Structures are given as structure tokens and as C-alpha cells.
Amino acid sequence: MGLTLEPATIIPVLLCGGSGTRLWPLSRKSYPKQFVRLMGEESLFQASARRLSGEGYAAPVVVTADAFRFIVTEQLAGVEQAPQAILIEPDGRNTAPAVLVAALWAADRDPEALMLVAPSDHVIPDAEAFRAAVAAAVPRARDGDLVTFGIRPTRPETGYGYLELAPGASAQATQPQNIARFVEKPDPDSAAEMLASGRFLWNAGIFLFTARAILEAYAAHAAEMLDAARAALAGAEADLGFTRLAAEPWAKLAETSIDYAIMEKAGNLAVMPFGESWSDLGGWDAVWLESGPDAAGNVASEGATAIDCRDTLLRSEAESQRIIGIGLENVVAVAMPDAVLVAKKSEAQRVKEAVAALKAQGARQATEFPIDHRPWGWFESLAIGDRFQVKRICVHPGASLSLQSHHHRSEHWIVVEGTARVTVNDEVRLVAENESVYVPLGAVHRMENPGKVPMVLIEVQTGSYLGEDDIVRYEDRYARR
């Protein structure tokens with residue numbers, strides 16, 4: 001028996017399967033920007049979940065990739081939220097399939113359920129104002145319209161798509177307005193003309209509609225997607241609280257956005273103008289702008305110092321790392337432990353070219369974050385040689401690594417924070433701070449944190465091959481293969 005939603009309840013649908021590279025080196029395929037603390041103490045994903053919560057909102061439905069499933073649960077727990085469902089995409093196919101499968105999931109429970117579909121990597125500082133805009137849009141959505149949210153533009157931005165208002169509609173309205181057309185990202189002259197006209201809004205890619213209305217829109221404009229999406233959901237497997245969509249039918253879905261598949265074709269569209277601050281943080285220039293430059297136009301993170309600089313962004317992303325800018329103007333400099341970006345701020349949108357160049361060189365920095373997040377915690381490599389590697393490993397309270405062995409390496413563990421429960425073959429013992437244990441090559445072993453605080457240890461690996469694929473798993477509470 002499915003869940004029946006109260007009439008005023010809105011289901012937030014958070015889309016977070018993307019692996020954007022425009023904020024490299026901080027955002028990478030293995031740990032993209034939605035999970036990074038770019039603005040403040042929470043990640044963009046956590047801020048999105050918190051913004052779309054409270055009175056009138058149900059627990060969120062999250063659509064994400066397999067690699068991010070445990071990051072999603074960990075970050076939601078960090079803001080004291082539990083999802084209704086986490087739908088795992090077999091592979092990323094853009095927003096049209098993701099929204100469709102979420103709508104099918106919601107319609108199975110209540111065809112009239114209101115869905116608020118939102119990317120999880122946007123910045124909207126005034127959450128209360130945004131929720132008020134959502135509330136103002138509810139009547140049109142209840143009547144069967146597809147309501148999109150449009151941001152009142154503040155500059156001739158060429159990085160966003162636009163929405164042209166229909167004759168008689170107002171960008172200053174506090175109720176949903178009719179739309180004339182969608183406009184692709186413009187050239188600078190066109191963007192300036194649209195800003196001056198007052199008849200255009202930025203397309204935020206946020207939508208409110210009932211499950212019934214959006215499914216009717218798919219039936220009218222993208223009917224070929226319905227059978228495959230239904231089969232992907234019907235064939236889904238439950239896995240540790242996640243819903244893994246069936247891969248074979250999913251692969252038949254077109255890789256396209258909901259704008260192209262539905263919104264640009266539908267006749268029952270409306271736009272809710274929103275005049276407060278908003279950004280999709282589509283590049284380092286946007287991060288600079290949203291971070292609030294000082295009187296000289298500079299933004300410097302903790303660990304960064306700007307000397308005689310103007311209009312410059314300096315970020316250090318490691319506690320022990322310092323970055324100093326002297327005499328810089330219109331520059332972005334972002335320092336990570338394993339990679340540094342230096343670019344003209346006006347060229348910030350070209351970061352994808354850097355990622356492509358690194359991929360061509362076979363550099364792991366192109367896609368791999370220096371900290372590797374796992375269901376049980378995380379690790380980072382501190383030193384690597386031909387036959388050794390030193391890691392710092394953090395295990396969450398109550399978590400454990402799989403019961404495993406290695407063919408090509410031995411390991412020496414030294415606990416530096418907390419207490420570990422260590423299994424080596426038939427021996428199980430507690431290892432406290434400043435104590436160590438040796439794991440011989442081929443030994444069946446496991447590491448657990450039985451305590452209530454994070455456990456940190458230093459691992460020294462030695463052997464002929466140190467790759468992460470040299471793991472034979474015998475038992476794993478996270479059902480990893």
C-alpha cells in the first residue's frame with residue numbers, strides 16, 4: 001500500500017547525479033560540486049535539502065548515481081533528514097529521464113502529489129523567500145500547469161538560458177505568469193537587449209507540478225520514453241534502502257534534458273518570478289561573485305592572502321596550505337593538495353578544457369578527488385612510492401570496512417585517534433591510540449570503529465601492487481561487489 005500525501009504536501013525531488021567539471025579542481029567526477037562545501041559550512045546538496053524542508057514539505061526523493069549513494073545518505077544525516085527514496089540511475093542520462101522516473105514513483109503513491117524538482121547545486125541564500133515563491137506557485141500547479149521558476153536578471157549574463165514572458169505578463173509579479181518562449185544562452189549583445197527590455201527571466205531549471213500533469217506532458221511530447229522508464233522502475237531492486245533502477249530498460253531512454261523533451265513543447269506552462277539572489281555556481285567567476293568580494297573586488301578563503309590584488313579569487317583547500325597573491329588582477333587561483341588552477345577570471349568558463357587536457361595525459365587529477373569517500377568514511381594518500389603507500393584513513397562511528405584480503409600487499413596500521421576493533425585471521429582485538437597492528441600479505445582482515453567518535457589511523461602499505469582493485473571481499477555490510 002503506497003503512501004498517501006496530504007493535500008498541502010510537496011515532495012522535493014533533488015537531482016544530484018551530475019559530475020560537473022566547471023569548478024575543477026574542487027569539483028571532480030568522483031566528488032562533484034553539489035557535495036562540496038563551496039559556500040559556508042554545508043554542501044550545496046545539504047543546503048538544497050534544508051531549503052526544501054519544513055512545514056508543507058515531505059521528505060525528499062533523491063535521484064543520483066551509484067557512486068554517490070552513500071555520500072547522499074551521509075550528507076542528509078548531517079542535516080538531520082531521511083529521504084523517502086533514493087533512486088539510483090544506472091548511468092546519467094540528463095534530467096528528462098530522471099524527472100520521469102521520479103514522477104512515476106510519486107504517481108504510484110498519489111497521482112496528485114505535488115513535485116518540486118530542483119538541482120542540488122544551486123545557491124539561494126534566502127530560503128524563506130524561495131519557499132514563499134513556491135507557495136505562491138502551488139495553485140497553478142494544482143490546476144495542472146507546469147510551473148518553472150524564473151530569476152529576475154541582474155546583469156546581461158550569457159551563461160544562462162532565458163524565459164520570455166508572454167504579452168501582459170510582468171517580471172515583477174508575485175504570482176505565476178505566462179511564458180512566450182524559451183531562449184537559449186545568448187550572445188552578449190542579445191543578453192544586454194533582453195535585460196534592458198524587462199521581459200525576460202533567467203531559466204533556473206526548477207519546476208513545480210503534479211505527478212499527473214508531468215506524466216501527461218510526457219505522454220503528449222515524449223511518449224517514447226514512458227515504457228522504458230516504467231520498466232526501469234518496475235524492474236528496480238531494493239539495495240540497503242536504495243532503489244536501483246533496472247539497467248537494460250534505462251539504457252533505452254534518450255539522453256536529453258526536461259527543457260528539450262517537455263518544457264519547450266508544452267502549452268500549459270507558467271513561470272514564477274523570483275527576485276532574490278540565485279546562482280547555479282556555473283564557474284569560478286560565479287563563485288567569486290556570490291562570495292561577496294571586498295572593496296578591492298577580492299575574495300580570499302582562510303589560508304589565502306591577497307596583497308595589492310584586484311577582482312581576484314584566492315582559495316586554499318587544505319589546512320596546511322597557504323596561497324599568496326601579489327599584484328594580481330582578474331585572476332582565479334584555487335589550490336588543492338594535488339592540483340592548482342590559475343586562470344583569468346574572464347576565462348573561468350574554459351576550465352573544462354583543462355580537465356580534457358588532463359584526461360588526455362592520463363592524470364588521475366582530472367576526475368579523482370584527493371580524498372576518496374567510502375560508505376564507512378574516507379581516506380587520502382599522503383605519500384606514494386614504487387612499492388609503498390601511506391594513507392590517512394577515517395572510519396565513522398559504528399562503521400566497518402569489509403572483511404577482505406590482498407594478494408600483493410601487506411599493511412601496517414597505527415591508530416592516531418579513537419579506538420579500532422581489528423580482525424586479522426582468527427584474532428580480534430582492540431587497538432587504542434598510539435598502538436599498531438601488522439596485517440601480513442594474504443591475511444583475512446577487517447577494521448571497525450566500535451566507538452562514538454571518528455577513528456583515524458595511518459596505514460602503511462608495502463608490496464608489488466598497491467591498486468584499490470587488489471581487494472578480495474568476503475563480507476561487506478554495504479553490499480559492494
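Residues numbered from 1 in each chain as written. Predicted model: local features only at pLDDT ≥ 70, side-chain atom pairs only at ≥ 80, totals over all residues. Heavy atoms only, no water.

Enquirer: Explain the sheet that holds strand 17 (residues 340–344) to me, please; I cannot follow it from the model alone.
Expert: Two pairing modes exist for strands in a sheet, parallel and antiparallel, and in both the strands are linked by backbone hydrogen bonds. Taken together, the four strands give an open sheet; going across it, the order is 12-14-16-17, and neighbouring strands pair in mixed fashion. Two strands lie at the open edges of the sheet, namely strand 12 (299–300) and strand 17, each paired on one side alone. In terms of strand pairing, strand 14 (residues 313–316) meets strand 16 (residues 331–335) through four bridges, oriented parallel. By the bridge assignment for strand 16, Leu314 is matched with Ala333. (Pairing = 2+ DSSP bridges. Helix = DSSP H or I, 4+ residues; strand = E, 2+ residues; numbered from the N terminus.)

Enquirer: Would you mind showing me how to read the packing of helix 3 (residues 95–109) against helix 6 (residues 211–221) here?
Expert: Between two packed helices, both the angle of their axes relative to each other and the distance between the axes serve to describe the pair. At a closest axis distance of 9 Å, the pairing of helix 3 and helix 6 adopts a crossing angle of 130°. Viewed along their axes, helix 3 and helix 6 adopt a mutual orientation that is oblique. Crossing handedness for the pair helix 3 and helix 6: left-handed. Residues Ala96, Val99, Leu100, Ala103, Leu104, Ala106 and Ala107 of helix 3 touch helix 6, and the partners they reach there are Ala211, Ile214, Leu215 and Tyr218. (Axes fitted to C-alpha atoms, helices over the stretch in contact; angles between N-to-C directions. Parallel < 35°, antiparallel > 145°, perpendicular 65-115°, else oblique. Left-handed = near helix turned anticlockwise from the far one by under 90°. Contact = heavy atoms within 4.5 Å.)

Enquirer: Explain the nonpolar core here, please?
Expert: Proteins that are soluble and globular tend to have nonpolar side chains buried together. Among the nonpolar cores identified, the biggest contains 93 residues, and Leu38, Leu116, Phe130, Phe149, Ile206, Leu208 and Trp284 are the most heavily contacted of them. The element best represented in this core is helix 4 (residues 127–142), accounting for seven residues. Other than its neighbours up to four places away in sequence, Trp284 contacts Arg22, Leu23, Trp24, Leu26, Leu38, Leu313, Arg315, Val332, Val334, Leu341, Ala348 and Val351. One finds Ile11, Phe207, Ile258 and Ile262 within the second-largest nonpolar core, a separate group that totals 54 residues. (Core = buried A, V, L, I, M, F, W, Y, C linked by side-chain atoms within 4.5 Å. Buried < 20%, exposed > 50% of the residue type's maximum accessible area, 1.4 Å probe, protein only.)

Enquirer: Sorry, what's going on with the pairing of strand 2 (residues 61–65) here?
Expert: Two faces belong to every sheet, and in a regular strand the side chains alternate between them. Burial of strand 2 is extensive: five of the five residues sit out of reach of the surface. Alternating residues of strand 2 divide into Val61, Val63 and Ala65 and Val62 and Thr64, and every residue in both groups is buried. Bridging between strand 1 (residues 10–15) and strand 2 involves three bridges; their strand directions are parallel. Paired with Leu14 across the two strands is Val62, which belongs to strand 2. For the segment spanning strand 1, helix 1 (residues 44–51) and strand 2, crossover handedness is right-handed. Strand direction decides the pairing type here: strand 2 and strand 3 (residues 85–89), joined by five bridges, are parallel. Opposite Val63, over in strand 3, you have Leu87 as the bridge partner. Remark: the strand 2/helix 2 (residues 69–78)/strand 3 crossover connection has right-handed handedness. (Right-handed = clockwise from strand over helix to strand, strands pointing away.)

Enquirer: Explanation requested: the sheet that holds strand 25 (residues 436–439) in the structure shown.
Expert: Strand order in the open sheet formed by six strands is 18-19-20-27-22-25, with antiparallel pairing between adjacent strands. Each edge of the open sheet is held by one strand with a lone partner, namely strand 18 (371–374) and strand 25. In this sheet, neighbouring strand axes are inclined to one another by 20° on average, regardless of whether the strands run parallel or antiparallel. Where strand 19 (residues 377–384) meets strand 20 (residues 388–395), seven bridges bridge the pair, whose relative direction is antiparallel. By the bridge assignment for strand 20, Trp378 is matched with Cys394.

Enquirer: For this particular structure, what's the right way to read the packing of helix 3 against helix 7 (residues 226–234)?
Expert: The N-to-C vectors of helix 3 and helix 7 enclose an angle of 65°; their axes lie 9 Å apart at closest approach. Every pair of crossing elements has a handedness; the one defined by helix 3 and helix 7 is right-handed. For the pair formed by helix 3 and helix 7, the contact residues are Leu100, Val101, Leu104, Trp105 and Asp108 on the first element and Leu226, Ala229, Arg230 and Leu233 on the second. Of the residues assigned to the contact of helix 3 with helix 7, the class counts are seven nonpolar, no polar and two charged. (Nonpolar A, V, L, I, M, F, W, Y, C, P; charged D, E, K, R; others polar.)

Enquirer: In this structure, what is going on with the side chain of Arg446? I would like to understand it.
Expert: With respect to the helices and strands, the residue Arg446 is situated in strand 26 (residues 445–448). In terms of polar contacts, Arg446 uses its side chain to reach the backbone carbonyl oxygen of Leu401, at 3.1 Å. A polar contact is formed between the side chain of Arg446 and the side chain of Glu475, at a distance of 3.3 Å. Residues in contact with Arg446, not counting those within four places in the same chain, are Ser400, Leu401, Ser402, Leu403, Trp413, Arg421, Val422, Thr423 and Glu475. (Polar contact = N/O pair within 3.5 Å; in protein donor to acceptor, adjacent residues only side chain to side chain.)

Enquirer: Explanation requested: unusual backbone geometry in the structure shown.
Expert: A negative phi angle is the norm for most residues apart from glycine, just as the trans form is the norm for most peptide bonds. Along the chain, Trp24 connects to Pro25 via a cis peptide bond; the corresponding omega equals 10°. Tracing the sequence through the fold places Pro25 in the loop between strand 1 and helix 1. Here the phi dihedral of Asn330 falls at roughly 60°; this positive angle occurs in a residue that is not glycine. Looking at where Asn330 falls in the secondary structure, it is placed in the loop between strand 15 (323–326) and strand 16.

Enquirer: Explain the UniProt feature "domain: Mannose-6-phosphate isomerase type II C-terminal" (unreviewed entry) in the protein chain to me, please; I cannot follow it from the model alone.
Expert: Following the UniProt record, the feature "domain: Mannose-6-phosphate isomerase type II C-terminal" (unreviewed entry) maps to residues 372–476 here. Secondary structure across residues 372–476 divides into 0% helix and 59% strand, with the first and last C-alpha atoms of the span separated by 18 Å. (UniProt positions renumbered as here; feature names shortened; annotations may be inferred.)

Enquirer: Looking at this structure, I do not really get helix 3. What am I missing?
Expert: Counting along an α-helix, one turn takes 3.6 residues, and residues three or four places apart therefore face a common direction. With 15 residues, helix 3 should reach 21 Å at 1.5 Å per residue; the first-to-last C-alpha distance of 22 Å fits that figure. Judged by how many residues are buried, helix 3 sits mostly within the fold: twelve of 15 residues are covered. (Expected span 1.5 Å × (residues − 1).)

Enquirer: Hey, could you run me through the environment of Leu215 in this one?
Expert: With respect to the helices and strands, Leu215 occurs in helix 6. Accessibility expressed as a relative area gives 16% for Leu215, which makes it buried. Along the primary structure Leu215 and Ala107 are separated by 108 residues, whereas in three dimensions their C-alpha atoms are 8.6 Å apart.

Enquirer: I tried to follow the pattern of salt bridges on my own but got confused; where do I start?
Expert: When charged atoms on two side chains of opposite charge get close, those side chains can pair. A full pass over the atoms with the stated rule returns 24 salt bridges. Where Arg50 meets Glu42, a salt bridge forms, and the shortest distance between an N and an O atom there is 2.6 Å. The class for Arg50 is partly exposed, based on a relative accessible area of 40%. One continuous salt-bridge network, built from bridges that share partners, spans Asp66, Arg69, Asp239 and Arg244. (Salt bridge = Lys/Arg side-chain N within 4 Å of Asp/Glu carboxyl O.)

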